[in-house]
Amino acid sequence: MADEWEIIDSFGYWVRRRRKALDLTQAKLAEKIGCSLITIKKIEQDERRPSSQMAELLATHLLISEAERENFYQKARGIFTSHLLPPFPGDSSLPLWPTSNALSTFADNPFVAQDQTLAGLATLLKMIQAGGGQVCFVIGGAGRGKTMLVNEFAKRAQEEYQNLLVVTGFCNAQTGIGDPYLPFREILTLLTGDVEARWAGGLLSQPQATRLWQAMALTIPTLVFHAPDLIGAFVPVHSLQARVATFAPEAAAWYQQLRSLITNGQRELRQEQIFTQFTSVLKRVAARQPLLLIIEDMHWIDPSSTSLLFYLSRNIRDSPILMLGTYRPDEIALRRGGEQHPMAVVLGELKRQYGDVWLDLAEVSDGRRFVDAYLDIQPNELDELFRQTLFAHTGGHPLFTVELLRHVQKRGYLQVGEDVRLKQVATIDWVGLPAKVEGVIEQRVSRLDDELRGILMVAAVQGEYFTAELIARVQDLDERRLVQRLSRELDKQHRLVMVANLEQLDLQRLSQYRFRHQLFQHFLYHSLDEIERAYLHEEVGMALELIHADEPARIAVQLAHHFEEAGLTDKAIKYLLQSGQLAMQQSANQEAIGHFRRGLSLLNRLPDTPIRAQQEFELQVALCGPLLAIHGYGAVETVAAVNRATALAEQIGDNSHVFPLLYNKMIAQFVWADHAEANATSHRFLSLAAKQSRSGLRLVGHRIVGLSSLALGQLQTSAYSGENDHWFRAMSITQ
């Protein structure tokens, strides 16, 4: 039995297998133990842990040997260990965080003057430890310190609760809105142990990475058993296989099932599957180890992630899960393309469920207190006049305060004396200093050499996250030297970027970095004129195509963005079509509609040619699917798309699509009770079907002609008229 414990890390799953091996029904086991049938069902579904007394009874009636009972009781209490799981492969000789050679004596990620906010979050954490799920949002404008706050909270939470798992997902400014489930894909990937590269880059502390790594013995079997359809769609298969190979026994039932899933390939997902399976994984993992899920930059969240967030909020109330999001409230208030932000409606419903779920840093922050606390991180002789003037200049805005102090020190106004105390050594021209944080950023960038500025400009075009190897292609630089300049100068010296991730794409290494703050990327990007931006977007798009040549659809959303900004309309339309098709595979119909409609709008820039007609046809046909899924046959949007696609199909002679389009058109007309038009469309379908060799098309044609004729009262051609009626002919085809 010892080997069996190593293979199965779900107590409920093991109890079910053991019960069946002993030829016991759930009812019979419940009778022997003296509990209700529902209790046994919940234990086997990992929805309930047995009490100590019940665990002893289970051990007795499941014939657990004395030598294995302690192991059995640990499993019953949710203590999961696997001797087969290797230690976290982090090299202890590597630094936990990238070391800094920066000239500034000020902290890069200061966290001060937020004790009240931290206390509020700590209260929520205690509530989830008691078994109740919670949702909370930290909100505030750009540079207010939202990320620093949640990172500090996560650090303290992990120190206090040794079994807490912390995972973070990010929304993306450039592509996140059209990239379905982006933050939740990142969360599930981290939760299943994909942590080594992020640890090496300093994004995860070693304790956090080690904890997630060790949790693989719980999380991956849970994923296989309870969310099999998310393998491939949410968790990349190749890297998952590599992690599993480090510890999975060949005989493990979950390992055999995983291999079967990978062999059979990915199938199209329904939204219901995604929501229920994702939720099931979280709840079952949280039953063993409480979860803190952090979702950053939710003002850029995609509609599908918003829907999943709402679904989770309604289903984690009985699980130890805390979902903590950050966003800028002014961005949520803005409309996207004339439509309400997807988070706007959800936030109102969350307030109804959970009450006041916001921690607004604009309300709880004391700017002057922040200035004092930040200055006093290190010994100093900065007087009250200096502090008052600094506060008056920055308003206590965290990012502006930090950047301005770094600027003042580099200008020589502040120096560290022999007594290691920071002093003002020259009169500061406060009037001549930048009045906004953008001004400080501008002056910092202006001090860089031409090559570093060029690197940052290309990086800003790629986005908040960027890839060193891509920049090397665009700028024609040696990759190794570029990585050194990014890590040694732009990261450790100038503190403008930081390591984000290392990814292996076949034989290609991808070194990912990110700007230390989105405002840095925003400033650099908008310092380029329109012509410069267009050229760089084209070069970035071309480089991305080369890097991902074997699987460009994987990054279709990014490619569509870059080629649209570059003015390469044909290529943008191509990748918008692929982006929409990929979204449909994940049942992200809103995103799919957005991609297809964006492609159709770009067609207006192209001349009316046969190629353009083919492109419009492909987009219109693709658009029909998600419109039908969301709005149904009779909706105005669906009817318009079907009618246009049908006309284009006949125009270009595409018989492969004309039949389903005519069928959808007929159903829409029938729903609208436009029976004369439905009858005409049905006859058109049958007329075309008569010219085809496929009998199935003629069967459908006779059936819908009969249906529409019956609706018109034409009984002699619809039914009950012997060999002349269409339903009779349809049935004769099946014989």
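If you're wondering where the values come from, they're calculated on a predicted model, not measured in any experiment.

**Student:** I'd like a rundown of the packing of aromatic side chains, residues and numbers included.
**Tutor:** The description of an aromatic ring pair rests on the distance of the ring centres and on the angle between the ring planes. Summed over the entire model, instances satisfying the criterion amount to 14 aromatic pairs. Between Phe234 and Phe278, the aromatic rings sit 5.9 Å apart at their centres with planes inclined by 55°, giving tilted as the arrangement. Residue Phe234 is located in the loop between α12 (216-226) and α13 (237-244), and its partner Phe278 is located in helix α15 (residues 271-286); the two are separated by 44 residues in the primary sequence. The pair Phe234 / Phe278 is uniform in exposure class, with both members buried. Three or more aromatic residues link up through ring pairs in this structure, and these residues are Tyr181, Phe184, Phe234, Phe275, Phe278 and Tyr311. Over the ring of Tyr354 we find Arg317; its NZ or CZ atom is 4.3 Å from the centre of that ring.

**Student:** Describe the side chain of Ser304, naming the residues involved and giving the relevant values.
**Tutor:** In this structure, Ser304 sits in helix α16 (residues 303-315). With sequence-adjacent residues up to four places away left out, Ser304 is seen in contact with Pro180, Tyr181, Phe275, Ala588 and Glu591.

**Student:** Outline the sheet that holds strand β10 (residues 508-515), listing residues and values.
**Tutor:** By definition, the strands of a sheet pair up through backbone hydrogen bonds, in either a parallel or an antiparallel sense. The 3 strands lie next to each other as β8-β10-β9, forming an open sheet whose pairing is antiparallel. Either end of the sheet is taken by a strand with one partner, and the two such strands are β8 (465-467) and β9 (497-505). Sheet twist, expressed as the mean angle between neighbouring strand axes with direction ignored, is 30°. Where β9 meets β10, 8 bridges bridge the pair, whose relative direction is antiparallel. Paired with Val499 across the bridge in β10 is Tyr513. Across the sheet, helix α25 (residues 468-475) touches β8 and β10, and the angle it forms with β10 is around 95°.

**Student:** Please provide a residue-by-residue account of the nonpolar core, values included.
**Tutor:** Counting residues in hydrophobic clusters, the biggest one holds 167 residues, and the most contacted among them are Phe137, Phe234, Trp254 and Phe278. Those residues within four positions of Phe278 in sequence are excluded, and the remaining contacts are Phe184, Ile187, Leu188, Leu230, Phe234, Gln273, Leu308 and Leu312. Grouped together as the second largest cluster of nonpolar side chains are 21 residues, Leu124, Ile128, Cys136 and Leu359 included.

About the criteria used
Residues numbered from 1 in each chain as written. Predicted model: local features only at pLDDT ≥ 70, side-chain atom pairs only at ≥ 80, totals over all residues. Heavy atoms only, no water. Phe/Tyr/Trp six-rings, centres within 6.5 Å; stacked < 30°, edge-to-face > 60°. Helix = DSSP H or I, 4+ residues; strand = E, 2+ residues; numbered from the N terminus. Buried < 20%, exposed > 50% of the residue type's maximum accessible area, 1.4 Å probe, protein only. Lys NZ or Arg CZ within 6 Å of the ring centre and 35° of its normal. Contact = heavy atoms within 4.5 Å. Pairing = 2+ DSSP bridges. Axes fitted to C-alpha atoms, helices over the stretch in contact; angles between N-to-C directions. Core = buried A, V, L, I, M, F, W, Y, C linked by side-chain atoms within 4.5 Å.

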